[in-house]
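Observations on the model geometry
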Amino acid sequence: MNELSVIDVTDQRPTIEEWGHRIERLLDGESNAAIFNLRADDDREFDAIFLGGGASGRFGSAYMRAMGGRQLIIDQWPFLGGSCPHNACVPHHLFSDCAAELMLQRTFGGSLWFPPMDGVITSIKEVVDLFRRGRIGPHAIMNYQSKEQLDLEYILNVPGRIIDAHTVEAAGRTFRARNLILCLGARPQILDVPGKDLKGVYTNVNLVETLDYEPSATVVVVGGSKTAVEYGSFFSATGRRTIMAVRSECLKIVPDGEIRGYVRDRMEEQGLEIWERSQVVRIEDDGEGRVAGVIIRTPKGEERVETNFVFVALGEIPNSEMAADVLGVEIGPKNEVIVDSQLRTSVPNVYAVGDLIGGPMEMFKARKSGMYAARNAMGATIHYEPKDFPDFLHTHYEVSWLGLGEEEARAKYSNIVIIKMPPNNPNGLDVALPASDRTMLYAFAKPHMSGYQKLIIDGDTRRVLGAHHVGYGAKDAFQYLNVLVKQGLTIDQLGEMDELFLNPTHFIQLSRLRAGRQDLVDL
Ligand code: COM
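The following paragraphs examine the structure supplied in this document. (Residues numbered from 1 in each chain as written. Predicted model: local features only at pLDDT ≥ 70, side-chain atom pairs only at ≥ 80, totals over all residues. Heavy atoms only, no water.)

1. A word on the side chain of Asp-355
To be explicit about the condition: Here a helix means four or more residues in a row that DSSP labels H or I, a strand means two or more in a row labelled E, and each is numbered from the N terminus. Any two residues having at least one pair of non-hydrogen atoms within 4.5 Å are treated as being in contact.
Mapped onto the secondary structure, Asp-355 falls in the loop between strand E19 (350-352) and helix H11 (363-377). If sequence neighbours within four positions are ignored, Asp-355 has contacts with Gly-185, Ala-186, Glu-316, Pro-318, Met-361, Glu-362 and Lys-365.

Take a look at the structure:
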(Lines give C-alpha, C1' and ligand atoms only; values in the text may rest on other atoms or scores of the structure.)
Protein backbone atom coordinates (compact mmCIF):
# COMPACT_ATOMS: atom_id res chain seq x y z
CA MET A 1 0.00 0.00 0.00
CA ASN A 2 1.45 3.39 -1.01
CA GLU A 3 1.76 5.95 1.75
CA LEU A 4 -0.14 9.10 0.81
CA SER A 5 1.22 12.51 1.59
CA VAL A 6 -0.03 13.81 4.90
CA ILE A 7 -0.94 17.24 6.23
CA ASP A 8 -0.32 16.85 9.95
CA VAL A 9 -2.32 19.47 11.84
CA THR A 10 -1.84 17.88 15.25
CA ASP A 11 0.43 20.66 16.49
CA GLN A 12 -1.22 23.42 14.48
CA ARG A 13 -4.23 25.50 15.41
CA PRO A 14 -5.80 26.46 12.06
CA THR A 15 -8.40 29.18 12.31
CA ILE A 16 -11.82 28.68 10.71
CA GLU A 17 -10.65 30.82 7.79
CA GLU A 18 -7.48 28.76 7.35
CA TRP A 19 -9.52 25.57 7.46
CA GLY A 20 -11.77 27.02 4.77
CA HIS A 21 -8.86 27.66 2.41
CA ARG A 22 -7.39 24.25 3.04
CA ILE A 23 -10.69 22.43 2.50
CA GLU A 24 -11.35 24.39 -0.69
CA ARG A 25 -7.97 23.40 -2.12
CA LEU A 26 -8.49 19.74 -1.27
CA LEU A 27 -12.02 19.71 -2.71
CA ASP A 28 -10.67 21.36 -5.87
CA GLY A 29 -8.29 18.42 -6.19
CA GLU A 30 -5.11 20.47 -5.81
CA SER A 31 -3.77 17.70 -3.59
CA ASN A 32 -4.96 14.38 -2.28
CA ALA A 33 -3.04 14.64 0.98
CA ALA A 34 -4.62 13.11 4.05
CA ILE A 35 -5.25 15.38 7.04
CA PHE A 36 -3.98 13.89 10.29
CA ASN A 37 -5.07 15.20 13.64
CA LEU A 38 -3.86 12.66 16.21
CA ARG A 39 -2.97 13.42 19.81
CA ALA A 40 0.74 12.91 20.30
CA ASP A 41 0.32 13.00 24.08
CA ASP A 42 -2.16 10.12 24.26
CA ASP A 43 -0.87 6.59 23.70
CA ARG A 44 -3.99 4.86 24.99
CA GLU A 45 -5.70 2.35 22.74
CA PHE A 46 -8.69 3.89 20.94
CA ASP A 47 -12.00 3.03 22.54
CA ALA A 48 -13.55 3.26 19.09
CA ILE A 49 -12.79 4.06 15.50
CA PHE A 50 -15.72 5.89 13.91
CA LEU A 51 -15.60 5.04 10.22
CA GLY A 52 -17.26 8.14 8.78
CA GLY A 53 -17.31 11.64 10.26
CA GLY A 54 -20.82 12.76 9.38
CA ALA A 55 -23.40 13.70 11.99
CA SER A 56 -23.41 10.23 13.60
CA GLY A 57 -19.62 9.84 13.71
CA ARG A 58 -19.00 13.37 14.88
CA PHE A 59 -21.63 13.39 17.61
CA GLY A 60 -20.74 9.85 18.73
CA SER A 61 -17.09 10.89 18.88
CA ALA A 62 -17.85 14.05 20.81
CA TYR A 63 -19.86 12.11 23.36
CA MET A 64 -17.18 9.45 23.75
CA ARG A 65 -14.51 12.08 24.20
CA ALA A 66 -16.66 13.93 26.72
CA MET A 67 -16.96 10.68 28.67
CA GLY A 68 -13.17 10.50 28.80
CA GLY A 69 -12.82 7.93 26.02
CA ARG A 70 -10.41 8.00 23.12
CA GLN A 71 -11.83 8.00 19.63
CA LEU A 72 -10.65 8.30 16.05
CA ILE A 73 -12.73 9.44 13.08
CA ILE A 74 -11.67 8.41 9.59
CA ASP A 75 -13.50 10.10 6.70
CA GLN A 76 -12.88 10.28 2.98
CA TRP A 77 -13.89 13.93 2.73
CA PRO A 78 -11.56 16.74 3.82
CA PHE A 79 -14.18 18.01 6.29
CA LEU A 80 -16.32 16.66 9.10
CA GLY A 81 -20.10 16.88 9.18
CA GLY A 82 -20.80 14.54 6.27
CA SER A 83 -23.53 14.99 3.70
CA CYS A 84 -25.61 17.46 5.78
CA PRO A 85 -23.53 20.56 5.05
CA HIS A 86 -22.22 19.26 1.74
CA ASN A 87 -25.18 18.15 -0.33
CA ALA A 88 -28.18 17.25 1.85
CA CYS A 89 -29.88 19.17 4.69
CA VAL A 90 -28.17 22.53 4.29
CA PRO A 91 -28.79 23.04 0.55
CA HIS A 92 -32.30 21.71 0.96
CA HIS A 93 -33.02 24.33 3.62
CA LEU A 94 -31.60 27.03 1.39
CA PHE A 95 -33.80 25.91 -1.51
CA SER A 96 -36.88 25.67 0.72
CA ASP A 97 -36.28 29.20 2.01
CA CYS A 98 -36.08 30.36 -1.59
CA ALA A 99 -39.34 28.54 -2.39
CA ALA A 100 -41.14 30.32 0.47
CA GLU A 101 -39.76 33.73 -0.54
CA LEU A 102 -40.66 33.18 -4.17
CA MET A 103 -44.17 32.03 -3.34
CA LEU A 104 -44.69 35.28 -1.45
CA GLN A 105 -43.33 37.29 -4.38
CA ARG A 106 -45.39 35.42 -6.93
CA THR A 107 -48.58 35.65 -4.89
CA PHE A 108 -48.28 39.40 -4.37
CA GLY A 109 -46.29 40.28 -7.53
CA GLY A 110 -47.45 43.62 -8.94
CA SER A 111 -49.10 44.67 -5.66
CA LEU A 112 -47.77 46.30 -2.50
CA TRP A 113 -43.99 46.59 -2.96
CA PHE A 114 -43.60 43.35 -4.90
CA PRO A 115 -42.36 43.57 -8.49
CA PRO A 116 -44.51 41.83 -11.10
CA MET A 117 -43.53 38.19 -11.46
CA ASP A 118 -45.74 37.03 -14.32
CA GLY A 119 -43.67 35.05 -16.78
CA VAL A 120 -40.49 35.60 -14.75
CA ILE A 121 -38.24 32.56 -14.39
CA THR A 122 -35.59 32.94 -11.72
CA SER A 123 -32.25 31.20 -11.73
CA ILE A 124 -31.70 27.79 -10.18
CA LYS A 125 -28.01 27.85 -11.00
CA GLU A 126 -27.37 31.09 -9.08
CA VAL A 127 -28.79 29.56 -5.91
CA VAL A 128 -26.78 26.37 -6.43
CA ASP A 129 -23.63 28.44 -6.99
CA LEU A 130 -24.39 30.47 -3.88
CA PHE A 131 -24.61 27.27 -1.88
CA ARG A 132 -21.47 25.77 -3.40
CA ARG A 133 -19.46 28.86 -2.48
CA GLY A 134 -21.00 29.14 0.96
CA ARG A 135 -20.75 25.55 2.15
CA ILE A 136 -17.01 25.83 2.79
CA GLY A 137 -17.88 27.98 5.83
CA PRO A 138 -19.82 25.24 7.67
CA HIS A 139 -17.19 22.67 6.61
CA ALA A 140 -14.44 24.77 8.15
CA ILE A 141 -16.39 25.28 11.36
CA MET A 142 -16.85 21.49 11.73
CA ASN A 143 -13.10 20.84 11.48
CA TYR A 144 -12.26 23.72 13.78
CA GLN A 145 -14.87 22.88 16.40
CA SER A 146 -14.01 19.18 16.36
CA LYS A 147 -10.30 19.84 16.88
CA GLU A 148 -10.11 22.91 19.08
CA GLN A 149 -13.30 22.65 21.11
CA LEU A 150 -14.21 18.96 21.17
CA ASP A 151 -10.67 17.62 21.25
CA LEU A 152 -11.44 14.95 18.68
CA GLU A 153 -8.84 12.96 16.78
CA TYR A 154 -9.40 12.51 13.08
CA ILE A 155 -7.94 11.53 9.74
CA LEU A 156 -9.64 13.16 6.75
CA ASN A 157 -9.54 13.16 2.97
CA VAL A 158 -8.73 9.48 2.75
CA PRO A 159 -11.03 6.44 2.73
CA GLY A 160 -10.76 4.02 5.62
CA ARG A 161 -10.53 0.34 4.75
CA ILE A 162 -11.86 -2.17 7.26
CA ILE A 163 -9.30 -4.90 7.99
CA ASP A 164 -11.16 -6.61 10.83
CA ALA A 165 -13.51 -5.75 13.72
CA HIS A 166 -10.73 -3.85 15.49
CA THR A 167 -8.56 -2.59 12.66
CA VAL A 168 -8.92 0.04 9.93
CA GLU A 169 -6.33 1.06 7.37
CA ALA A 170 -6.07 4.67 6.16
CA ALA A 171 -3.34 6.45 4.21
CA GLY A 172 -1.18 3.34 4.35
CA ARG A 173 -1.28 3.07 8.14
CA THR A 174 -3.31 0.76 10.33
CA PHE A 175 -5.27 1.85 13.40
CA ARG A 176 -6.64 -0.44 16.08
CA ALA A 177 -9.49 0.11 18.54
CA ARG A 178 -11.53 -1.86 21.06
CA ASN A 179 -14.65 -1.14 19.00
CA LEU A 180 -15.54 -0.20 15.47
CA ILE A 181 -18.49 2.16 14.94
CA LEU A 182 -19.67 2.18 11.34
CA CYS A 183 -20.98 5.57 10.17
CA LEU A 184 -20.82 4.98 6.44
CA GLY A 185 -24.03 6.75 5.46
CA ALA A 186 -26.13 6.17 2.35
CA ARG A 187 -26.20 7.14 -1.30
CA PRO A 188 -29.09 8.14 -3.56
CA GLN A 189 -30.98 5.38 -5.27
CA ILE A 190 -30.51 5.67 -9.02
CA LEU A 191 -33.31 5.70 -11.56
CA ASP A 192 -32.59 2.57 -13.54
CA VAL A 193 -33.86 3.51 -17.01
CA PRO A 194 -32.16 4.10 -20.38
CA GLY A 195 -30.56 7.55 -20.35
CA LYS A 196 -29.91 7.57 -16.58
CA ASP A 197 -26.26 8.60 -17.08
CA LEU A 198 -26.91 11.55 -19.39
CA LYS A 199 -25.80 15.03 -18.39
CA GLY A 200 -28.86 16.67 -16.92
CA VAL A 201 -29.92 13.79 -14.66
CA TYR A 202 -29.40 14.90 -11.08
CA THR A 203 -29.78 13.81 -7.50
CA ASN A 204 -29.23 16.01 -4.46
CA VAL A 205 -25.60 14.84 -4.53
CA ASN A 206 -24.49 15.77 -8.03
CA LEU A 207 -26.83 18.78 -8.40
CA VAL A 208 -24.71 20.93 -6.11
CA GLU A 209 -21.43 19.58 -7.51
CA THR A 210 -21.98 19.78 -11.23
CA LEU A 211 -24.90 22.00 -12.29
CA ASP A 212 -23.25 24.35 -14.82
CA TYR A 213 -26.22 25.54 -16.88
CA GLU A 214 -29.66 27.02 -16.33
CA PRO A 215 -32.33 24.30 -16.44
CA SER A 216 -35.02 24.66 -19.09
CA ALA A 217 -38.44 26.19 -18.50
CA THR A 218 -39.84 22.70 -17.90
CA VAL A 219 -38.24 20.27 -15.44
CA VAL A 220 -39.11 16.78 -14.26
CA VAL A 221 -38.82 15.49 -10.69
CA VAL A 222 -38.93 11.74 -10.13
CA GLY A 223 -40.39 10.61 -6.79
CA GLY A 224 -43.01 11.73 -4.28
CA SER A 225 -41.12 11.64 -1.00
CA LYS A 226 -39.81 14.48 1.16
CA THR A 227 -36.80 15.21 -1.03
CA ALA A 228 -38.83 15.13 -4.25
CA VAL A 229 -41.49 17.45 -2.81
CA GLU A 230 -38.94 19.87 -1.36
CA TYR A 231 -36.80 20.20 -4.48
CA GLY A 232 -39.88 20.15 -6.72
CA SER A 233 -41.42 23.02 -4.75
CA PHE A 234 -38.24 25.06 -5.20
CA PHE A 235 -38.05 24.39 -8.94
CA SER A 236 -41.71 25.31 -9.39
CA ALA A 237 -41.23 28.47 -7.30
CA THR A 238 -38.58 29.61 -9.80
CA GLY A 239 -41.40 29.83 -12.34
CA ARG A 240 -40.65 26.63 -14.21
CA ARG A 241 -43.27 24.14 -15.26
CA THR A 242 -42.44 21.35 -12.82
CA ILE A 243 -43.77 17.85 -13.29
CA MET A 244 -43.45 15.37 -10.45
CA ALA A 245 -43.65 11.81 -11.72
CA VAL A 246 -44.70 9.74 -8.71
CA ARG A 247 -44.88 5.96 -8.92
CA SER A 248 -47.67 5.71 -6.32
CA GLU A 249 -48.92 8.69 -4.29
CA CYS A 250 -47.34 11.99 -3.39
CA LEU A 251 -46.90 13.13 0.22
CA LYS A 252 -47.67 9.73 1.73
CA ILE A 253 -45.44 10.69 4.63
CA VAL A 254 -47.94 13.32 5.87
CA PRO A 255 -50.12 11.35 8.31
CA ASP A 256 -53.34 13.41 8.25
CA GLY A 257 -55.51 13.25 5.13
CA GLU A 258 -56.97 16.73 5.46
CA ILE A 259 -53.55 18.30 5.96
CA ARG A 260 -52.16 16.28 3.06
CA GLY A 261 -55.00 17.56 0.88
CA TYR A 262 -54.43 21.18 1.92
CA VAL A 263 -50.70 20.95 1.25
CA ARG A 264 -51.20 19.26 -2.06
CA ASP A 265 -53.83 21.77 -3.20
CA ARG A 266 -51.49 24.64 -2.43
CA MET A 267 -48.64 22.91 -4.30
CA GLU A 268 -50.88 22.54 -7.33
CA GLU A 269 -52.12 26.09 -6.96
CA GLN A 270 -48.48 27.16 -7.25
CA GLY A 271 -48.40 25.33 -10.56
CA LEU A 272 -46.69 22.11 -9.55
CA GLU A 273 -48.02 19.22 -11.65
CA ILE A 274 -48.27 16.00 -9.68
CA TRP A 275 -48.51 13.00 -11.99
CA GLU A 276 -49.34 10.05 -9.76
CA ARG A 277 -49.07 6.38 -10.75
CA SER A 278 -46.62 7.56 -13.37
CA GLN A 279 -43.14 6.27 -14.10
CA VAL A 280 -40.24 7.56 -16.13
CA VAL A 281 -39.43 4.83 -18.63
CA ARG A 282 -36.73 6.51 -20.71
CA ILE A 283 -34.62 9.65 -20.83
CA GLU A 284 -33.80 10.90 -24.29
CA ASP A 285 -30.34 11.92 -25.50
CA ASP A 286 -29.90 15.16 -27.46
CA GLY A 287 -27.17 13.45 -29.51
CA GLU A 288 -24.42 15.05 -27.45
CA GLY A 289 -24.89 13.17 -24.21
CA ARG A 290 -27.35 15.59 -22.65
CA VAL A 291 -30.96 15.15 -21.63
CA ALA A 292 -33.41 16.21 -24.34
CA GLY A 293 -36.66 14.82 -22.95
CA VAL A 294 -38.32 12.30 -20.71
CA ILE A 295 -40.82 9.61 -21.54
CA ILE A 296 -43.29 9.09 -18.70
CA ARG A 297 -45.78 6.23 -18.53
CA THR A 298 -48.98 7.63 -17.01
CA PRO A 299 -52.37 5.97 -16.42
CA LYS A 300 -53.43 7.63 -19.71
CA GLY A 301 -50.48 6.31 -21.73
CA GLU A 302 -46.96 7.46 -22.52
CA GLU A 303 -46.19 11.18 -22.55
CA ARG A 304 -43.05 12.91 -23.80
CA VAL A 305 -41.88 15.94 -21.82
CA GLU A 306 -39.26 18.17 -23.40
CA THR A 307 -36.67 19.18 -20.81
CA ASN A 308 -32.93 19.27 -20.18
CA PHE A 309 -33.26 18.67 -16.44
CA VAL A 310 -34.38 15.61 -14.48
CA PHE A 311 -34.13 15.48 -10.69
CA VAL A 312 -34.26 11.99 -9.18
CA ALA A 313 -35.34 11.58 -5.54
CA LEU A 314 -36.09 7.93 -4.96
CA GLY A 315 -34.66 7.50 -1.49
CA GLU A 316 -31.27 6.33 -0.32
CA ILE A 317 -29.38 3.04 -0.09
CA PRO A 318 -27.13 2.42 2.93
CA ASN A 319 -23.42 2.00 2.12
CA SER A 320 -23.16 -1.40 3.79
CA GLU A 321 -21.11 -3.30 1.21
CA MET A 322 -17.64 -3.06 2.77
CA ALA A 323 -18.91 -4.02 6.23
CA ALA A 324 -20.85 -6.96 4.80
CA ASP A 325 -17.96 -8.19 2.64
CA VAL A 326 -15.14 -7.82 5.13
CA LEU A 327 -16.85 -8.37 8.46
CA GLY A 328 -19.94 -10.31 7.44
CA VAL A 329 -22.32 -8.04 9.39
CA GLU A 330 -25.95 -8.97 8.85
CA ILE A 331 -27.71 -6.88 6.20
CA GLY A 332 -31.44 -6.26 5.77
CA PRO A 333 -33.58 -6.13 2.63
CA LYS A 334 -32.86 -2.46 1.96
CA ASN A 335 -29.10 -2.91 2.20
CA GLU A 336 -29.17 -1.61 5.77
CA VAL A 337 -26.90 -2.95 8.50
CA ILE A 338 -29.06 -4.72 11.06
CA VAL A 339 -28.54 -3.52 14.63
CA ASP A 340 -30.18 -4.20 17.97
CA SER A 341 -31.48 -1.45 20.24
CA GLN A 342 -27.92 -0.93 21.52
CA LEU A 343 -26.78 -0.26 17.93
CA ARG A 344 -24.77 -3.51 17.93
CA THR A 345 -24.35 -5.33 14.64
CA SER A 346 -24.22 -9.12 14.37
CA VAL A 347 -20.42 -8.93 14.81
CA PRO A 348 -19.10 -8.42 18.38
CA ASN A 349 -17.65 -4.96 19.09
CA VAL A 350 -18.95 -3.58 15.80
CA TYR A 351 -21.70 -0.95 15.98
CA ALA A 352 -23.56 0.77 13.15
CA VAL A 353 -25.38 4.11 13.26
CA GLY A 354 -26.96 6.86 11.16
CA ASP A 355 -28.26 6.32 7.64
CA LEU A 356 -26.32 3.06 7.41
CA ILE A 357 -28.94 1.33 9.60
CA GLY A 358 -31.88 2.42 7.40
CA GLY A 359 -34.81 4.75 7.99
CA PRO A 360 -35.64 7.21 9.26
CA MET A 361 -32.66 8.78 7.53
CA GLU A 362 -32.90 11.90 9.62
CA MET A 363 -30.35 14.10 11.28
CA PHE A 364 -31.66 13.56 14.80
CA LYS A 365 -31.34 9.79 14.39
CA ALA A 366 -27.80 10.08 13.04
CA ARG A 367 -26.62 12.22 15.93
CA LYS A 368 -28.50 10.35 18.62
CA SER A 369 -27.58 6.88 17.39
CA GLY A 370 -23.92 7.90 17.22
CA MET A 371 -24.12 9.13 20.78
CA TYR A 372 -25.89 5.98 22.01
CA ALA A 373 -23.39 3.68 20.26
CA ALA A 374 -20.59 5.61 21.94
CA ARG A 375 -22.18 5.14 25.35
CA ASN A 376 -22.63 1.43 24.77
CA ALA A 377 -19.07 1.09 23.50
CA MET A 378 -17.93 2.79 26.71
CA GLY A 379 -19.65 0.13 28.79
CA ALA A 380 -23.13 1.55 29.37
CA THR A 381 -26.28 -0.40 28.50
CA ILE A 382 -28.52 2.03 26.75
CA HIS A 383 -31.24 1.42 24.18
CA TYR A 384 -32.33 3.56 21.24
CA GLU A 385 -35.06 2.94 18.73
CA PRO A 386 -36.17 5.99 16.75
CA LYS A 387 -39.93 6.10 16.72
CA ASP A 388 -42.73 8.51 17.57
CA PHE A 389 -40.68 11.51 16.57
CA PRO A 390 -42.11 14.83 15.38
CA ASP A 391 -41.49 15.35 11.70
CA PHE A 392 -41.69 18.01 9.00
CA LEU A 393 -41.19 18.73 5.35
CA HIS A 394 -41.11 21.83 3.23
CA THR A 395 -43.27 22.58 0.25
CA HIS A 396 -43.59 26.31 -0.27
CA TYR A 397 -44.67 26.05 3.35
CA GLU A 398 -43.20 24.40 6.39
CA VAL A 399 -45.38 21.40 7.29
CA SER A 400 -44.93 19.97 10.80
CA TRP A 401 -46.67 17.08 12.51
CA LEU A 402 -46.53 14.81 15.53
CA GLY A 403 -48.57 11.87 16.79
CA LEU A 404 -51.62 10.56 14.97
CA GLY A 405 -53.45 11.81 11.91
CA GLU A 406 -57.25 11.99 12.15
CA GLU A 407 -57.87 8.74 10.27
CA GLU A 408 -55.60 6.67 12.49
CA ALA A 409 -56.90 8.39 15.60
CA ARG A 410 -60.52 7.57 14.69
CA ALA A 411 -59.57 3.95 14.02
CA LYS A 412 -58.05 3.67 17.50
CA TYR A 413 -60.35 5.85 19.60
CA SER A 414 -64.14 6.19 19.60
CA ASN A 415 -64.49 9.78 20.82
CA ILE A 416 -62.18 11.95 18.71
CA VAL A 417 -62.47 15.72 19.04
CA ILE A 418 -60.89 18.04 16.47
CA ILE A 419 -59.83 21.61 17.09
CA LYS A 420 -58.63 23.39 14.00
CA MET A 421 -58.03 26.59 12.09
CA PRO A 422 -59.64 27.64 9.89
CA PRO A 423 -62.54 26.38 11.98
CA ASN A 424 -65.43 24.46 10.43
CA ASN A 425 -67.49 27.22 8.83
CA PRO A 426 -69.55 27.87 5.69
CA ASN A 427 -66.74 29.87 4.03
CA GLY A 428 -64.30 27.01 4.26
CA LEU A 429 -60.71 28.17 3.80
CA ASP A 430 -61.75 31.68 2.89
CA VAL A 431 -61.44 33.10 6.37
CA ALA A 432 -58.45 34.98 7.71
CA LEU A 433 -57.35 32.26 10.09
CA PRO A 434 -54.84 31.04 10.98
CA ALA A 435 -53.06 34.37 11.04
CA SER A 436 -49.51 33.56 12.03
CA ASP A 437 -45.89 34.59 11.72
CA ARG A 438 -44.95 34.82 8.05
CA THR A 439 -48.54 34.23 6.90
CA MET A 440 -50.10 37.54 7.90
CA LEU A 441 -50.07 38.92 4.35
CA TYR A 442 -51.78 35.79 3.11
CA ALA A 443 -54.36 35.98 5.92
CA PHE A 444 -55.29 39.52 4.94
CA ALA A 445 -55.08 39.26 1.16
CA LYS A 446 -55.34 35.54 0.23
CA PRO A 447 -56.92 33.91 3.29
CA HIS A 448 -57.07 30.42 1.83
CA MET A 449 -53.26 30.45 1.65
CA SER A 450 -52.69 31.34 5.29
CA GLY A 451 -52.04 27.78 6.45
CA TYR A 452 -53.79 25.11 8.46
CA GLN A 453 -53.62 23.97 12.06
CA LYS A 454 -55.19 20.91 13.58
CA LEU A 455 -55.18 19.33 17.00
CA ILE A 456 -56.55 15.83 17.57
CA ILE A 457 -57.83 14.98 21.04
CA ASP A 458 -59.23 11.87 22.69
CA GLY A 459 -62.49 13.21 24.14
CA ASP A 460 -62.59 10.54 26.86
CA THR A 461 -59.14 10.99 28.40
CA ARG A 462 -58.84 14.60 27.10
CA ARG A 463 -55.34 13.74 25.90
CA VAL A 464 -53.77 15.29 22.80
CA LEU A 465 -53.14 12.54 20.23
CA GLY A 466 -51.77 14.51 17.31
CA ALA A 467 -50.88 18.00 16.13
CA HIS A 468 -50.46 19.25 12.56
CA HIS A 469 -49.31 22.63 11.29
CA VAL A 470 -48.97 24.19 7.86
CA GLY A 471 -47.36 27.61 7.88
CA TYR A 472 -43.98 28.67 9.21
CA GLY A 473 -42.06 28.62 12.45
CA ALA A 474 -43.70 25.69 14.21
CA LYS A 475 -40.93 23.11 14.05
CA ASP A 476 -39.18 24.12 17.24
CA ALA A 477 -42.39 24.18 19.23
CA PHE A 478 -43.33 20.77 17.84
CA GLN A 479 -40.28 19.04 19.19
CA TYR A 480 -41.14 20.19 22.72
CA LEU A 481 -44.84 19.62 22.23
CA ASN A 482 -44.01 16.04 21.20
CA VAL A 483 -42.32 15.38 24.53
CA LEU A 484 -45.39 16.66 26.37
CA VAL A 485 -47.78 14.66 24.21
CA LYS A 486 -45.81 11.49 24.93
CA GLN A 487 -46.11 12.29 28.63
CA GLY A 488 -49.90 12.46 28.29
CA LEU A 489 -50.56 16.19 27.70
CA THR A 490 -54.28 17.01 28.03
CA ILE A 491 -56.33 19.83 26.53
CA ASP A 492 -56.63 21.24 30.04
CA GLN A 493 -52.85 21.35 30.55
CA LEU A 494 -52.39 22.85 27.12
CA GLY A 495 -54.80 25.62 28.03
CA GLU A 496 -52.76 26.33 31.17
CA MET A 497 -49.68 27.28 29.13
CA ASP A 498 -48.75 30.89 28.46
CA GLU A 499 -48.95 31.52 24.74
CA LEU A 500 -46.68 33.73 22.69
CA PHE A 501 -49.75 34.66 20.67
CA LEU A 502 -49.04 33.19 17.21
CA ASN A 503 -48.13 30.00 15.38
CA PRO A 504 -48.67 26.69 17.18
CA THR A 505 -49.61 28.63 20.29
CA HIS A 506 -52.94 29.06 18.56
CA PHE A 507 -53.48 25.55 19.91
CA ILE A 508 -53.15 26.92 23.44
CA GLN A 509 -55.73 29.65 22.83
CA LEU A 510 -58.17 27.29 21.16
CA SER A 511 -57.82 24.74 23.92
CA ARG A 512 -59.03 27.30 26.43
CA LEU A 513 -62.16 27.89 24.39
CA ARG A 514 -63.14 24.25 24.85
CA ALA A 515 -61.43 23.07 28.02
CA GLY A 516 -64.23 24.38 30.27
CA ARG A 517 -66.58 21.72 28.91
CA GLN A 518 -66.82 18.26 30.40
CA ASP A 519 -68.09 16.89 27.08
CA LEU A 520 -65.52 18.10 24.57
CA VAL A 521 -66.74 18.97 21.08
CA ASP A 522 -65.06 20.01 17.83
CA LEU A 523 -64.10 23.58 17.10
C1 COM B 1 -24.25 19.43 10.73
C2 COM B 1 -23.23 18.37 10.66
S3 COM B 1 -24.51 20.29 9.25
S4 COM B 1 -22.99 17.74 12.24
O5 COM B 1 -24.17 16.98 12.61
O6 COM B 1 -22.81 18.87 13.18
O7 COM B 1 -21.81 16.91 12.25
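2. Overview of the site of the ligand
Let me state the cut-off plainly: Residues are classed as near a molecule or strand on a simple rule: at least one heavy atom within 4 Å of it. We call two N or O atoms a polar contact when they sit within 3.5 Å, provided that within protein one can donate a hydrogen and the other can accept it, with sequence-adjacent residues counted only if both atoms are side-chain atoms. Each accessible area is a Shrake-Rupley estimate made with a 1.4 Å probe; only the visible protein chains count as cover when residues are assessed. Nonpolar residues are Ala, Val, Leu, Ile, Met, Phe, Trp, Tyr, Cys and Pro. Charged residues are Asp, Glu, Lys and Arg, and all others, Gly as well, are polar.
Lining the immediate surroundings of the ligand are Ala-55, Arg-58, Phe-59, Gly-81, Cys-84, Pro-85, Met-142, Met-363 and Arg-367. A distance of 2.9 Å is found between an oxygen atom of the ligand and a side-chain nitrogen or oxygen belonging to Arg-367. Here the ligand has 260 Å² of accessible area as a free molecule, and 91% of this is covered by the chains. Counting only elements with at least two residues in the shell around the ligand, the list comes to helix H2 (55-66), helix H3 (83-86) and H11. The biggest single contributor to the shell around the ligand is H2, with 3 residues. Split into classes, the residues belonging to the shell around the ligand amount to 6 nonpolar, 1 polar and 2 charged.

3. Structural notes on the nonpolar core
To be explicit about the condition: Definition used in this section: a nonpolar core is a set of buried Ala, Val, Leu, Ile, Met, Phe, Trp, Tyr and Cys residues joined via side-chain atoms within 4.5 Å. Partly exposed residues are those whose accessible area sits between 20% and 50% of the maximum for their type, while under 20% is buried and over 50% is exposed, using a 1.4 Å probe and protein chains only.
Within the largest apolar cluster, 58 residues are counted, with the highest numbers of intra-cluster contacts made by Ile-74, Phe-175, Leu-180, Ile-181 and Leu-182. Setting aside residues up to four positions removed in sequence, Phe-175 forms contacts with Phe-36, Leu-38, Phe-46, Ile-49, Leu-72, Ile-74, Ile-155, His-166, Thr-167, Val-168 and Ala-170. Listed in part, the 50 residues of the second largest apolar core include Ala-228, Tyr-231, Phe-234 and Phe-309.

4. Observations concerning the packing of helix H4 (residues 89-108) against helix H8 (residues 226-237)
Stated formally: The axes are straight lines fitted to the C-alpha atoms, using for helices just the contacting stretch, and the angles between their N-to-C directions are given from 0 to 180°. Geometric relationships in this document are graded by angle, where less than 35 degrees denotes roughly parallel, more than 145 denotes roughly antiparallel, 65 to 115 denotes roughly perpendicular, and other angles denote oblique. Helix crossings are classified by the rotation of the near helix relative to the far one: an anticlockwise turn of less than a right angle makes the crossing left-handed, while a clockwise turn makes it right-handed.
The contact between H4 and H8 brings their axes to 8 Å, and the two run at 40 degrees. The pairing of H4 with H8 is recorded here as oblique in orientation. Here H4 runs over H8; the crossing is left-handed. Each of Pro-91, His-92, Phe-95, Ser-96, Cys-98, Ala-99, Leu-102 and Arg-106 in H4 lies in contact with H8, whose residues at this interface are Glu-230, Tyr-231, Ser-233, Phe-234 and Ala-237.

5. What about the sheet that holds strand E13 (residues 273-276)?
We count it as follows: In short, DSSP must find at least two bridges between two strands for them to pair.
Judged by pairing direction, the sheet is parallel, and its 5 strands sit side by side in the order E10-E17-E11-E12-E13 without closing on themselves. Each end of this open sheet is capped by a strand with a single partner; those strands are strand E10 (201-202) and E13.

6. As for helix H6 (residues 136-149)
This is how the line gets drawn: The span you would expect from a helix comes to 1.5 Å times its residue count less one. Directions pointing from the helix axis toward each C-beta atom define the arc.
With 14 residues, H6 extends 19 Å from end C-alpha to end C-alpha; this agrees with the ideal 20 Å at 1.5 Å per step. Of the residues making up H6, those classed as buried are Ile-136, His-139, Ala-140, Met-142, Asn-143, Ser-146 and Lys-147. Taken down its axis, H6 places every buried residue within 155 degrees of arc, on the same side. The inward-facing, buried residues of H6 abut helix H1 (16-27), strand E2 (34-37), H2, H3, helix H5 (125-134) and strand E5 (154-156). Downstream of H6 by a residue or two, Asp-151 has a phi angle that is positive, lying close to 60 degrees.

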